[in-house]
Amino acid sequence: MRTLLLRISILLLASPLLHAQTASEIDPMLGADKGGNVFVGPTLPFGMAKPGPDYGSNESNAGWEATGDLHGFSQLHVSGTGGGPKYGNILVQAQSGKADPLHASSPREAEHAEVGYYAVTLANSGIHAELTTARRTPVYRFTYPDNKERTLLLDVGHMLMKIHDSPHRYNEGQVLFATDVHVDSPTEISGVQSSVMGWNIQTVPMRVFFYLVADTPAVTSGTWEDGKKPVEGSRRARYSMPYTLVTMPHPAPFISTGAYLTFAPSAKPVTFKIGLSFLSVEQAKQNALTEVHGFDFEATRKAVVAEWNKELSTIRITGGSTGERQQFATGLYHSMLMPVDRTGENPLWQSSAPTYDDFYCIWDTFRSSTPLLTLVAPHRVTNILQALMDIQDHDGFFPDGRAGNYSGRTQGGSDAEMMFADAYVKHLPGLDWERVYKAMRHDADADSPEPMRFGRGDMADYKKLGYLSIENSDMIGGPDRPGSRSMEYYANDYAVAVMAKGLGHTADAKLFSNRSSNWKKLWRADAVDHTEDGDIKGFIWMKHDDGSWREPFNPHLVGTWYQDNFYEAGTWTYSLYVPQDTHNLIEIIGGKDLFKKRLDLFFAPVFTTNGPHIRYRYDVGNEPGFLSPYLYNWIGEQSSTAKTIRAILPQSYHTGLAGLPGNDDSGAMGSFLVFNQMGFFPVAAQDVYLIGSPTFPSSTITLGNGKRFSVVADNTSPTNIYIERATWNGQPYHRAWFTHEQLMAGGELHLTMTDHPTHWDTGAPPPSMSDAASPGRTKQ
């Protein structure tokens, strides 16, 4: 052991190749295009302020689009989300000459983004715009041509708005509810914007207050209302929605209302800052005056970079290509953009607990993002979970999605239970576990009055029949994703059972463990897919409330909201989604050989006359399939896991604007990449990690307890993807998995890589619920 520790110390302290990730390796624009939808502007880790550009159609989730004019820079954004956009509030734009908000958009030139900084030149005027930010206070520097008046426009009516028809029951476009803007002085503008709707179907107005102050006094100022010509000298403009949520048109109209400051011609830049708050203009002003000293743009920018370097320093890697290192650093960065820390900015209730918002959604992030943060930022996860408990105390249920201080929508199960169970089995400090369990049990057992917003719905059928029926899976009538929601409820119930057993609630542990086994009631043994490699029999399928199957069986069916099947995946994916009991799943499928055949087909490309069929089988861009490449580890075929992972990553992840395989989903795709490049992956709500195939020769995590855990992969390369042998702290190791307890003890998992499959994994398979030790802590 002494020799091993000395070797690790020498590696950490002396090797010129081992280095922590730094902000300079991150590309904020990686994955901005082709549906990745990541936020490209400056922000702090989990930062509230996210100032960035809004381009083109004004419908992009994070504001940026590859084509179209720049409309300006709004102060709040999400990152990596899909569906109808949220935020895009309080737009500022630079303009040469007199104020003309109707003609302020401009083509872009010289666009540039790096951590803590975004810059672009407005091609029609030559104005150079630069952005950085503090936690709640964006800072701007506009450099104008020196021969014209310099105008700063502030459009308080602007939002990102979905103007096309929504495929869902509820319109997802944001709607402007009210605005009020004041020119307070030649250097100051303040006000508030209220909005409703958006992706989370928000019916209670979200209010964003702001206070703008510039370092240069204006020579003229004014306001405009409802898109009309600006009125010089006017000091106030307002708007109030003239219809109700029931009578409002779809899509809702754009209502431009704002104020401007016009400065005398000069080559000197105009620097200004915008304090933001969800409480009041006074708090917004306080944020601006206390978070940014004067108008020091460069000091603010440096502080952002320093904060990111601190967060990124917990993981050190060696080797890999420049592109692989950039993907890794950027994936880690994306994992820390959401949820958003709004502590001190809760407008709904007074609380001593942390405040976090923009859970978008837990359905996306509980599998990889939260487990990653548990390793690299455990105190942050404690704060996030405390915030979720605070929301549950006031809403009565945990959210799955939440934005704008308003819970909604629920994509699948009650997945906050997975986050809490994951933290429990990993002994995360700072939580009252009996209090947490009481909330979890309520969340898992009560019928939510608004299941689209929070909690579970349609529990009568679920408890009586053991599944959500087609007829009763939507509280207002009709079906709503009964197949996928049932499968997720089963996994959620196991999470509750784990905590119940650990806390000594024996009867509850049995109840929820039994409920989590009901997935077998949806296993249709006679369902057949006639594949290119023969028939595959047995699939998860939907049932009616009388117990009969939905007819006909269709293995190609992929659904979405308010349909009678699955959400964002099909039966191939959900038939492999039994994370609580993979052992039993293997038995029902027919044993190891048939299980391997099914997995091989699942990952094989499927082509139609129109090209590859993305979601029929495996889709790397869909979170319910995240664990599936590792299912080979349960049947002693870890080499197949290695082969599959090392094929997925280069096919699906790249550098550049199109670098992600779809929506980044609040960092879910980035954290999936980070884990896989390090060479292991978590089983959410369990204390188990599965061994894959490391991209890097060495990855070292500095843990919250001060110890270090390393994965060393000798000879790893694009061809040497298989594990030949493994040691743990110098001793031979034969299991294709390890526990969180092992990891937190520190040390080294040392892998020797080769170019051909081997069967090094002769030890016990990963644990499953049907093992004697489950639910709860697994045997070592």
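Everything numeric in this text was worked out from a predicted model, so none of it was measured.

**As for the environment of Arg342**
Argument step 1. Relative to the assigned elements, Arg342 resides in the loop between strand S19 (340-341) and strand S20 (356-357).
Argument step 2. On the basis of relative accessibility, which here comes to 1%, the residue Arg342 falls in the buried class.
Argument step 3. With 295 residues separating them in the primary sequence, Arg342 and Gly47 have C-alpha atoms 8.0 Å apart.
Argument step 4. With near-sequence residues (within four places) excluded, Arg342 lies in contact with Met48, Tyr87, Arg135, Phe278, Thr355, Tyr356, Asp357, Asp358, Gly404 and Asn405.
Argument step 5. At 2.5 Å, the side chain of Arg342 and the side chain of Asp357 are in polar contact.

**Side note on the packing of aromatic side chains**
Argument step 1. Scanning the entire structure with this criterion turns up 46 aromatic pairs.
Argument step 2. Arranged with centres 6.3 Å apart and planes meeting at 65°, the rings of Trp199 and Trp561 form a pair that is edge-to-face. Residue Trp199 is found in the loop between strand S11 (188-197) and strand S12 (206-214), and its partner Trp561 is found in the loop between strand S25 (534-540) and helix H13 (571-574); the two are separated by 362 residues along the sequence.
Argument step 3. Residue classification places Trp199 among the buried residues on the basis of a relative accessible area of 6%.
Argument step 4. Under the relative-accessibility criterion, Trp561 is labelled buried at 5%.
Argument step 5. Note on Trp519 and Trp523: the rings are 6.4 Å apart at their centroids and 90° apart in plane angle, and the pair reads as edge-to-face. No difference in accessibility class separates Trp519 from Trp523, as the two residues are buried.
Argument step 6. Ring pairs connect the aromatic residues Phe539, Trp541, Phe553, Phe566, Trp572, Tyr574, Tyr577, Phe602, Phe603, Tyr616, Tyr618 and Tyr632, which therefore count as one cluster.
Argument step 7. Against the face of Tyr55 rests Arg108, its NZ or CZ located 3.6 Å from the ring centre.

**Focus: the sheet that holds strand S5 (residues 108-114)**
Argument step 1. With respect to topology, 9 strands assemble into an open sheet ordered S5-S6-S7-S8-S17-S12-S11-S10-S15, the strand pairing being antiparallel. If you trace the sheet from one side to the other, it starts and ends with S5 and strand S15 (236-240), each paired once. Taken pair by pair, the neighbouring strands of this sheet meet at an average axis angle of 15°, ignoring direction.
Argument step 2. Running over the sheet, helix H2 (residues 281-291) touches S11, S12 and strand S17 (270-277) and is turned about 130° from S17.
Argument step 3. Relative to strand S7 (residues 128-133), helix H3 (residues 297-312) is tilted by about 50°, and along the sheet it contacts S5, strand S6 (117-122), S7 and strand S8 (138-143).

**What to know about the nonpolar core**
Argument step 1. Grouped together as the largest cluster of nonpolar side chains are 205 residues, with contacts concentrated most on Phe73, Phe272, Phe420, Phe680 and Phe738.
Argument step 2. In terms of residue count, the dominant contributor to this core is helix H11 (residues 482-502) (11 residues).
Argument step 3. Setting aside anything within four residues of it in sequence, one finds Phe420 in contact with Leu385, Leu388, Met389, Phe398, Trp433, Val436, Met440 and Met499.
Argument step 4. Listed in part, the 13 residues of the second largest apolar core include Leu176, Met241, Tyr243 and Ile255.

**A look at the pairing of strand S3 (residues 70-74)**
Regular strands show a simple pattern: their side chains alternate between the two faces of the sheet.
Argument step 1. With 4 of 5 residues buried, S3 lies mostly within the body of the structure.
Argument step 2. Pairing of strand S2 (residues 52-55) with S3 involves 4 bridges; the strand directions are antiparallel. Following the sheet pairing, Gly52 is matched in S3 by Ser74.

**Quick look at the packing of helix H6 (residues 369-376) against helix H17 (residues 668-678)**
Argument step 1. It is at 8 Å that the axes of H6 and H17 come closest, and there the two elements cross at 60°. Taken as axis vectors, H6 and H17 run oblique relative to one another. In terms of crossing hand, the pair formed by H6 and H17 is left-handed. Contacts from Ser369, Pro371, Leu372 and Leu375 in H6 reach Ala668, Ser671, Val674, Phe675 and Met678 in H17.
Argument step 2. Taken together, the residues of the contact of H6 with H17 break down into 7 nonpolar, 2 polar and no charged.

Rules of the game
- Residues numbered from 1 in each chain as written.
- Predicted model: local features only at pLDDT ≥ 70, side-chain atom pairs only at ≥ 80, totals over all residues.
- Heavy atoms only, no water.
- Helix = DSSP H or I, 4+ residues; strand = E, 2+ residues; numbered from the N terminus.
- Buried < 20%, exposed > 50% of the residue type's maximum accessible area, 1.4 Å probe, protein only.
- Contact = heavy atoms within 4.5 Å.
- Polar contact = N/O pair within 3.5 Å; in protein donor to acceptor, adjacent residues only side chain to side chain.
- Phe/Tyr/Trp six-rings, centres within 6.5 Å; stacked < 30°, edge-to-face > 60°.
- Lys NZ or Arg CZ within 6 Å of the ring centre and 35° of its normal.
- Pairing = 2+ DSSP bridges.
- Axes fitted to C-alpha atoms, helices over the stretch in contact; angles between N-to-C directions.
- Core = buried A, V, L, I, M, F, W, Y, C linked by side-chain atoms within 4.5 Å.
- Parallel < 35°, antiparallel > 145°, perpendicular 65-115°, else oblique.
- Left-handed = near helix turned anticlockwise from the far one by under 90°.
- Nonpolar A, V, L, I, M, F, W, Y, C, P; charged D, E, K, R; others polar.

These results come straight from atomic positions and should not be treated as a statement about function.
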